[in-house]
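Coordinate inspection notes
So the chains spell out like this:
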Amino acid sequence: MSVSCGVECVLCVGCSRWAWKRCTHIGSDDSGSWPPATPEEFEPIPRICRIILAVYESDLYNPQYSPAGGHRVKPEWVVKRVTYEQTHGRAPPYLIYTDHDHHEIVLAIRGLNLIKESDYKLLLDNRLGMQMFDGGFAHHGLLKSATWLLNQESETLKCLWEENGRCYRMVFGGHSLGSGVAALLTVIVVNHRDRLAGIPRNLVSCYAVAPARCMSLNLAVKYADVIHSVILQDDFLPRTATPLEDIFKSIFCLPCLLFGVCLRDTFIPEGRKLRDPRRLYAPGRMYHIVERRFCRCGRYPPEVRTAIPVDGRFEHIVLSCNATSDHGIIWIEREAEKALQRMKEMSSDTVTTAPKIPKLERLQTIEKEHKDALERAVSLNIPHATTSTGNEEESSQEKSAEACQDENKSAHGGGGTSWDEVVKKLMKRDESGKLILKSETNALQ
């Protein structure tokens, strides 16, 4: 009797502690110590959101889901649109858009469609620790989708970049499910830039809007210089530490799932979670849009905070009535545009004085933040974490160009780029079956 009473007390205390922490935890707490973003670095995000929104339209000349001010996407600049019928369920719909105003080639991927079975199959095609990738782990289904998409469109992207003077930025953007595909696609591309005519790493970027957890922590930090995640206040998906496939399998036993999450968060130390190499995270640098405050009614002018967190990387679900609405691409675009205009107004107010953060100084700060995050990951003993930023590969640009020429020769000879073979180079194991950690430069073979 006494033993059972003791067990009940422990459970009650644990559940009470968990409930108190969850009820008092608000979305803005996750980025409370982060510095504000600058207008220059945040400027592309509302624009990429609008291009992603354009994927949802069946006719851009007569849009049905147009945001305030319109999509601002010129239909004549849309190079290609691909629907569910054309992808055969292997990837979400996407479009390729050449933005001549901003000198960008954009591949935009739509998010999860709740009525499409193929999207659920893609999402559920994963198990914890199933897919080893580039010195870490990745979501198996999303990686397969990214590889398929590159097989389909790499030649188109390569030709567009060469036709536009080899100076346009290559931008991959996605929302929700599409964000995971875009992020993993970016990792493959920056490791094999020679396959896209030797495009420099600093011309490749990814914007993961309302990102899914798709890669292990060491990869999320390693590629923070090219992948940028955008999160609106209380969005549930980046904070969903439970594997997505388990959530959908447990949808009819939600109390059981919540009880398990309660026990895990109460009794499993934070350090143990960080040292689990199979645990997936939202990728890259984080941009957190905050517009609500604790115990306050209404919305406040949005502010944007940015950092490359290692520990405390959106680990806890926020109990909020806005947790699902903050996931919507329409709301994210609207608040991102408001935040950008507010940042520009604040910077214009100080136009007569010297800028607080000169552009060059901010670029140096961003590079230092990335290096500091990599060093912190190593200090916390994150599995397979390294202090290499990946920028060292720029010193091997000549080798990359030579490899690009060889690739072009082989392509003219009738052979094409097989991205399945390229991805396999990032999945090698040693004789004992353990993961081989490889640097990015070794991937360029």
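On a predicted model such as this, the values are computed, not experimentally measured, just so you know.

Digging into the sheet that holds strand β2 (residues 94–99)
Pairing is mixed in the open sheet, where eight strands are placed in the order β1-β2-β3-β6-β7-β9-β11-β12. Sheet topology places β1 (78–82) and β12 (303–307) at the edges, where each strand pairs with a single neighbour. Strand-to-strand twist in this sheet, taken as the mean axis angle between neighbours without regard to direction, amounts to 15°. Relative to strand β7 (residues 204–209), strand β6 (residues 169–175) runs parallel, the two being bridged by six bridges. In the strand pairing of β7, Val171 is matched with Ser205. Running over the sheet, helix α7 (residues 177–191) touches β3 (104–109), β6, β7 and β9 (227–232) and is turned about 150° from β6.

As for empty space enclosed by the protein
Going through the model one piece at a time under the given rule, you end up with one cavity of 30 Å³ or more. What the largest cavity holds in volume is close to 40 Å³. Taken together, Gly136, Ser216, Leu217, Asn218, Leu274, Asp276, Pro277, Arg279, Ile382, Pro383 and His384 form the lining of the largest cavity. Looking at the lining of the largest cavity residue by residue, the class counts come to five nonpolar, four polar and two charged.

Quick notes on the environment of Leu124
One can find Leu124 in helix α5 (residues 117–124). When the C-alpha atoms of Leu124 and His139 are compared, they prove to be 9.5 Å apart, with 15 residues separating the residues in sequence.

Criteria and cut-off values
- Residues numbered from 1 in each chain as written.
- Predicted model: local features only at pLDDT ≥ 70, side-chain atom pairs only at ≥ 80, totals over all residues.
- Heavy atoms only, no water.
- Pairing = 2+ DSSP bridges.
- Helix = DSSP H or I, 4+ residues; strand = E, 2+ residues; numbered from the N terminus.
- Axes fitted to C-alpha atoms, helices over the stretch in contact; angles between N-to-C directions.
- Contact = heavy atoms within 4.5 Å.
- 1 Å grid on protein atoms, 1.4 Å probe; cavity = no way out; pocket = protein on both sides within 12 Å on 5 of 7 lines; lining within 4 Å.
- Points joined across faces, edges and corners; volume = space filled by probe spheres on them.
- Nonpolar A, V, L, I, M, F, W, Y, C, P; charged D, E, K, R; others polar.

Don't take any of this as a statement about function, it's just geometry.
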